[in-house]
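Okay, here's what each chain looks like letter by letter:
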Amino acid sequence: MAAPPHSNDTNTHTDMAGKHALLSPSAAHRWMNCTASPLLEKDVQDTSSAFAEEGTLAHAYCARKLKAFLGLDTADEDREIAELDGKYHTGEMDEHTDTYRAIVLEKFNAARERTRDAQLLVEVRLDFGRYIPEAFGTSDAVIIADGVVEVIDFKYGKGVRVSAVENPQMKIYALGAWDRFNFEYNISKVRMTIVQPRIDNLSEFETGAGDLVRWAEDELRPKAEEAYAGGKQRPGEWCRFCKVKAGCKALAAACLNAQRAHADPRLIGKEDMERDILPLLPTFKTWLSGVEEYSLRQALDGVQYKGFKVVEGRSVRKIADPGAVMELLDREGFARETYLKPAELRAITDLERLIGRKRFGTLCADYIIKPQGKPALVPESDKRPALNRAADDFSGIQ
């Protein structure tokens, strides 16, 4: 098995500086469901956030650790780390990026057992133009062995558990890897892995190369062409990260017209609740929060909404110089125990960030309890077991 072309591929964002694909793989779940969204969002400027910068730093550490193992140049990662390290680096980040490195290298070693000269590529430039016009991207890691290619994606977020199973973003990356390397390595199987260590999520999915290509021809390409032609609006849970959700009339209509005819038009019946309200709750929340955030931004920029005004929110008083106040109260004769709080232990999340989640769990396992969570009504597709309230009520009775 010969080395693939450009096997020391480094991060390719530099040669595409300032250029963004209209149909990005990371937003595929949205634009494959709402094909109108890419053009509607096209002129809305991206805004950075602390979460995005933290993720960028974590990805840089991941890439540097793998490249260091392979003996590759890490100059790009060194620059990103130097820029963001002081703001976001924690012991938790070291632990989770070590976990990612260990998982990738474990998979690489397993591939080398099957294929002696298997390849591990880091930050691989992939082109999806055969199926999505002008689309490209960079895969965190790609492992190539005889007949098999695996794409691995690192997720540092912890708000949403991401599954690799039938994940369109992962399938697009797998498609790009298959398209690039199949000619030389006759790839018959593609594997997709998501490593999301902050919530202990390792999700894997495998499919045949033929099935992947059929999906691309039957679903991906038609949706991409439809999106480029203007697309159709279709509201749903995928609206959550849409940049125009606050102004989307289709989303507003779906939320405002949710109730259908009922025997008593003044009330929402059980059937209405099951069919039209509960399935749309996440969409309602997405729309309302989007409208609230967007209208406030507009008002702060000078847009006037009739009947509304911008006011200063509730403020909490703060002591500007705690040391000076302590000295003043000392001089006035107040005993320190009357105005100083006892030392408090930081919250579990803060301690995990400081110490590292695994080490904290090992050190303090005997002292951690987890009370029963608050009941929540969720779709049946949710993986959590149903709460048996009757069984709980009688659990203490012999």
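Everything numeric in this text was worked out from a predicted model, so none of it was measured.

Caption draft 1: Quick peek at the nonpolar core. Counting residues in hydrophobic clusters, the biggest one holds 41 residues, and the most contacted among them are W31, I132, V142 and L220. Looking at this core, the elements with two or more residues in it are α1 (28–33), β1 (119–127), β2 (136–145), β3 (148–154), α6 (168–185), β4 (189–196) and α7 (209–228). Here the element with the most residues in this core is α6; it accounts for 9 residues. Apart from the residues within four sequence positions on either side, I132 is in contact with L23, W31, I172, L220 and A224.

Caption draft 2: Quick peek at empty space enclosed by the protein. In the structure shown here, the tally under the stated rule is 2 cavities of 30 Å³ or more. The volume enclosed by the largest cavity comes to roughly 80 Å³. Forming the walls of the largest cavity are 14 residues, and the residues nearest its centre are C34, S37, C239, C242 and C248. By volume, the second largest cavity amounts to about 40 Å³. Lining the second largest cavity are T138, S139, D140, I152, D153, M170 and Y173. Mapped by element, the contributors of at least two residues to the lining of the second largest cavity are β2, β3 and α6. Tallied by class, the residues present in the lining of the second largest cavity amount to 3 nonpolar, 2 polar and 2 charged.

Caption draft 3: Spotlight on unusual backbone geometry. Positive phi values are uncommon outside glycine, yet E123 reaches one of about 55°. Its place among the elements puts E123 in strand β1. Taking relative accessible area as the criterion, E123 reaches 7% and is therefore assigned buried.

Caption draft 4: Structural context of the pattern of salt bridges. The tally for this structure, following the rule as stated, stands at 24 salt bridges. The partner of R30 in a salt bridge is E41, with the nearest N and O atoms 3.3 Å apart. Of the two residues, R30 sits in helix α1 while E41 sits in helix α2 (residues 37–41), which places them 11 residues apart along the sequence. By the burial criterion, R30 is buried, and E41 matches it. With a closest N to O distance of 3.7 Å, D200 and R357 form a salt bridge. Of this pair, D200 sits in the loop between β4 and β5 (201–208) while R357 sits in helix α14 (residues 357–364); the two residues are 157 residues apart in sequence, bridging distant segments of the chain.

Caption draft 5: Summary view of the confidence of the model for the protein. Chain-level pLDDT for the protein is 86 on average; 91% of the residues reach the 70-or-more range. Per-residue pLDDT stays below 50 along residues 2–19; that stretch engages in 35 contacts with residues further than four places along the chain or on separate chains.

Caption draft 6: How the structure looks around the packing of helix α13 (residues 348–355) against α14. Packing of α13 against α14 leaves a shortest axis separation of 7 Å and a crossing angle of 115°. Between α13 and α14, the angle is such that the two are roughly perpendicular. Here α13 and α14 pass one another in a crossing that is right-handed. Packed against α13, whose contacting residues are I348, L351, E352 and I355, the element α14 presents R357, R359 and F360 at the interface.

Caption draft 7: Examining helix α9 (residues 270–277) more closely. Three or more residues of α9 are buried, namely D272, D276 and I277. Projection of α9 onto a plane perpendicular to its axis shows the buried side chains occupying an angular sector of 70°, all on one side. On the buried face of α9, the contacting elements are α10 (281–300).

Caption draft 8: Expanded view of the sheet that holds β5. As summarised here, the arrangement of the 5 strands in space is β1-β2-β3-β4-β5, forming an open sheet in which the pairing is mixed. Whereas interior strands pair on both sides, the edge strands pair on one side only; in this sheet they are β1 and β5. Direction aside, the axes of adjacent strands within the sheet are offset by 30° on average. Against the sheet, helix α5 (residues 91–114) contacts β1, β2, β3, β4 and β5, and its axis sits at roughly 45° relative to β2. Along the sheet, α6 makes contact with β1, β2, β3 and β4, crossing β1 at roughly 110°.

Caption draft 9: Just the pairing of β4, in detail. Within β4, 6 of the 8 residues are buried, which leaves the element mostly enclosed by the surrounding structure. The pairing of β3 with β4 spans 7 bridges and is classified as parallel. Within β4, the residue paired with I152 across the bridge is T193. The pairing of β4 with β5 spans 8 bridges and is classified as antiparallel. Looking at the pairing, T193 lines up with E204 of β5. Where β4 hands over to β5, the hairpin turn is made up of 4 residues, of which D200 adopts a positive phi near 50°.

Caption draft 10: Structural detail: the pairing of β3. Most of β3 is tucked away: 7 of the 7 residues are buried. Neither face of β3 is open: one carries V148, E150, I152 and F154, the other V149, V151 and D153, and all of them are buried. In terms of strand pairing, β2 meets β3 through 5 bridges, oriented antiparallel. When the bridges of β3 are listed, V142 appears paired with V151. Linking two consecutive strands that pair antiparallel, namely β2 and β3, is a turn of 2 residues; a positive phi of about 80° is found at G147 within it. In the classification by handedness, the crossover that spans β3, the intervening α6 and the parallel β4 is right-handed.

Basis of the calculations
- Counting of residues starts from 1 at the beginning of each chain's written sequence and follows it residue by residue.
- Only residues with pLDDT of at least 70 are given local features in this predicted model, and only at 80 or more are side-chain atom pairs given and counted; all residues enter the totals for whole chains, interfaces and linings.
- Excluding hydrogens and water, the side-chain values take into account all heavy atoms of the structure.
- Among buried residues, the Ala, Val, Leu, Ile, Met, Phe, Trp, Tyr and Cys ones that are joined through side-chain atoms within 4.5 Å form a nonpolar core.
- Throughout, exposure labels follow a simple rule: accessible area from a 1.4 Å probe, protein chains only, divided by the maximum for the residue type, with under 20% read as buried, over 50% as exposed, and the rest as partly exposed.
- Helix numbering and strand numbering both begin at the N terminus, where a helix is a DSSP run of H or I of at least 4 residues and a strand a DSSP run of E of at least 2.
- Whether two residues touch is decided by their heavy atoms; if any such pair falls within 4.5 Å, the residues are in contact.
- Computed over the protein atoms alone on a 1 Å grid, cavities are sets of points where a 1.4 Å probe fits but cannot get out and pockets are open sets with protein on both sides within 12 Å along at least five of seven lines; a residue lines them when it has an atom within 4 Å of a point.
- Grid points are joined across faces, edges and corners, and a volume is the space filled by probe spheres set on the points.
- Three residue categories are used. Nonpolar comprises Ala, Val, Leu, Ile, Met, Phe, Trp, Tyr, Cys and Pro, charged comprises Asp, Glu, Lys and Arg, and polar comprises the others, including Gly.
- Any carboxyl oxygen of Asp or Glu within 4 Å of a side-chain nitrogen of Lys or Arg constitutes a salt bridge here.
- Per residue, pLDDT captures the predictor's confidence, and it can take any value from 0 to 100.
- Only the stretch in contact is used when fitting a helix axis, every axis being a line fitted to C-alpha atoms; angles between N-to-C directions are given from 0 to 180 degrees.
- Reported orientations rely on four angle classes, namely roughly parallel under 35 degrees, roughly antiparallel over 145, roughly perpendicular from 65 to 115, and oblique for the rest.
- Should the near helix be turned counterclockwise from the far one by less than a right angle, the crossing is left-handed, whereas a clockwise turn marks it as right-handed.
- By construction, the arc corresponds to the directions joining the helix axis to the C-beta atoms.
- One requirement defines pairing of two strands: DSSP has to find at least two bridges between them.
- Place the viewer so that the strands point away; then a crossover is right-handed whenever the path from the first strand over the helix to the second strand goes clockwise.

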